[in-house]
Amino acid sequence: MKKKDTNTDLRNIQDDERRNIIAGRNPVIEALRNKREMERIIIADGSEGSISKIAAMAKEQGIQLQYREKSVLDRISGVSSHQGVVAVASAYEYSELSDIFDLASERGEPPFVMILDDIEDPHNLGAIMRTCECAGAHGVIIPKRRAAGLTETVVKASAGAVEYVPCVRVSNIAQTIDRLKDMGLWIAACDMGGEMYYRQDLTGALGIVIGSEGKGISRLVKQKCDFTVSMPVQGKINSLNASNAAAVIMYEVRKQRDAQQI
């Protein structure tokens, strides 16, 4: 994936990351015209005029819109001349679903994909991508809305894995699962109430769904999965961090694939 000179997480913007912010109406309009990858566009409450054009272009391109007080935009952009609009651009270009299958083909392996259902913490996304690279997963799929994207925070947390792991952003996770199943993948939900992960056959073409930090896997997405794998929890806390759960599952897949080759 080719690096782009772009942006970061709204909740944790540091001074050295503001280079990725696009502030001002004309700059944002030009970025939209050039189809620049964006995580979201933030508009100041009560803004009028050409803001309606920006909002229409963003909706047409499937870019998330957020409305905030002007003081929030001042803080995010670091300037007061943002004219009521700030765009948060992506730090890296997103891949296509075909890139994941091409990588699997190049390695001579059945596709292995991590599907993240509304993972909002950029550190979790970065950590999962790092484990994908180390464990040999062929790519990550994330939703366009209500989820972390490829921000500078994710880039740093991935320790460089974003250079090698295709990250595909889709409009609808449930529909994408249907598409993956049509392409021959079995889809497993990592959730409670399933077979212990080490007892389940995780070989072959596979997608693993990891749910959000607070809500887990959404009902519709879980219904789309072929089976559920669970992890034993012995302590008083009833769940693992999303990136830790993903790491455990990915290395079980790696273990089973390696065992087939012995």
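Residues numbered from 1 in each chain as written. Predicted model: local features only at pLDDT ≥ 70, side-chain atom pairs only at ≥ 80, totals over all residues. Heavy atoms only, no water.

As a further point, take the overall build of the chain. A tally of helices and strands in the chain yields nine helices and 10 strands. A compact globule built from 262 residues should have a C-alpha radius of gyration of about 18 Å, and the chain, at 19 Å, falls within 12% of that. Once the C-alpha set of the chain is aligned to its principal axes, its extents read approximately 60 × 45 × 30 Å. Here the chain holds 262 residues, and 52% of them are scored as buried. Taking all contacts inside the chain whose residues are at least 6 apart in sequence as the whole, residues at least 24 apart take part in 81%. Put simply, the chain shows about 12500 Å² of open surface, and 46% of that area lies on carbon and sulfur atoms. One finds the centroid of the 34 positive side-chain charges in the chain at a distance of 3 Å from the centroid of its 35 negative side-chain charges. (Helix = DSSP H or I, 4+ residues; strand = E, 2+ residues; numbered from the N terminus. Rg over C-alpha atoms; globule rule 2.2 N^0.38 Å. Buried < 20%, exposed > 50% of the residue type's maximum accessible area, 1.4 Å probe, protein only. Contact = heavy atoms within 4.5 Å. Areas by Shrake-Rupley, 256 points an atom, 1.4 Å probe, with all protein chains shown as cover. Lys, Arg positive; Asp, Glu negative; His and termini not counted. Charge placed at Lys NZ, Arg CZ, Asp CG, Glu CD.)

This next bit is on the side chain of His 138. Tracing the sequence through the fold places His 138 in the loop between α5 (122–135) and β6 (139–143). Residue classification places His 138 among the buried positions, given a relative accessible area of 0%. There is a polar contact of 2.7 Å between the side chain of His 138 and the side chain of Glu 109. Setting aside chain neighbours within four positions, we find His 138 in contact with Ile 100, Leu 103, Ala 104, Arg 107, Glu 109, Pro 110, Pro 111, Phe 112, Pro 166 and Arg 257. (Polar contact = N/O pair within 3.5 Å; in protein donor to acceptor, adjacent residues only side chain to side chain.)

Attention shifts here to the environment of Ile 208. Structurally, the position occupied by Ile 208 is in strand β9 (residues 206–210). The class for Ile 208 is buried, based on a relative accessible area of 0%. Expressed as a C-alpha distance, the spacing of Ile 208 and Ala 189, which sit 19 residues apart in the sequence, is 5.9 Å. Once residues lying within four places of it in the same chain are set aside, the contact partners of Ile 208 are Phe 112, Val 113, Met 114, Ile 115, Ala 188, Cys 190 and Ile 249.

To continue, consider the nonpolar core. Core analysis: the biggest nonpolar cluster contains 39 residues, and Met 114, Leu 116, Met 129, Val 140, Ile 208, Ile 210 and Met 250 have the highest contact counts within it. Among the elements of the structure, β5 (112–116), α5, β6, α6 (152–157), β8 (186–196), β9, β10 (227–230) and α9 (242–260) are those that each provide at least two residues to this core. Of all the elements, α9 adds the most residues to this core, at six residues. In terms of nonpolar packing, the next biggest core, distinct from the first, is built from 20 residues, Ala 205, Val 209, Val 221 and Cys 225 among them. (Core = buried A, V, L, I, M, F, W, Y, C linked by side-chain atoms within 4.5 Å.)

Turning next to the sheet that holds β9. Across the sheet, which stays open at both edges, the six strands sit in the order β7-β6-β5-β9-β8-β10 with parallel pairing between neighbours. Bordering the open sheet on either side are β7 (167–170) and β10, each of which pairs with just one other strand. Taking each pair of neighbouring strands and ignoring which way they run, the sheet shows an average axis angle of 35°. Here five bridges tie β8 to β10, and the two strands are oriented parallel to one another. Its bridge partner being in β10, Glu 195 is matched across the sheet by Val 229. Together, β5, β6 and β7 form the strand contacts of helix α4 (residues 97–107), whose direction differs from that of β6 by roughly 165°. In this fold helix α7 (residues 173–182) packs onto β5, β6, β7, β8 and β9, with an angle of close to 145° to the strand it touches most, β6. (Pairing = 2+ DSSP bridges. Axes fitted to C-alpha atoms, helices over the stretch in contact; angles between N-to-C directions.)

What follows concerns the sheet that holds strand β4 (residues 85–89). Pairing between the strands of a sheet comes from backbone hydrogen bonds, and it takes one of two forms, parallel or antiparallel. The sheet built from four strands is open, its strands ordered β1-β4-β2-β3 with mixed pairing. In the strand order of this sheet, the two ends are held by β1 (21–23) and β3 (64–68), each with one partner. Taken over all neighbouring pairs, the strand axes of this sheet differ in orientation by 20° on average, direction set aside. Two strands pair when backbone bridges link them, and strand β2 (residues 38–44) and β3 are joined in this way by five bridges, in the parallel orientation. Each bridged residue has a counterpart across the sheet, and for Ile 41 the counterpart in β3 is Leu 65.

For the rest of this paragraph, the subject is the confidence of the model for the chain. Per-residue confidence for the chain averages 88 on the pLDDT scale, and 93% of its residues sit at or above 70. Low pLDDT, under 50, characterises residues 1–12; the predicted model gives this stretch 63 contacts beyond four residues in sequence or across chains. (pLDDT = per-residue confidence, 0-100.)

On the surface, Glu 96, Asp 99, Asp 102 and Glu 106 cluster together into a negatively charged patch. Note on placement: Glu 96 falls in the loop between β4 and α4. The exposed category is assigned to Glu 96, whose relative accessible area is 54%. (Patch = residues over 30% accessible without salt bridge, like charges linked within 9 Å, V, L, I, M, F, W, Y side chains within 5 Å. Salt bridge = Lys/Arg side-chain N within 4 Å of Asp/Glu carboxyl O.)

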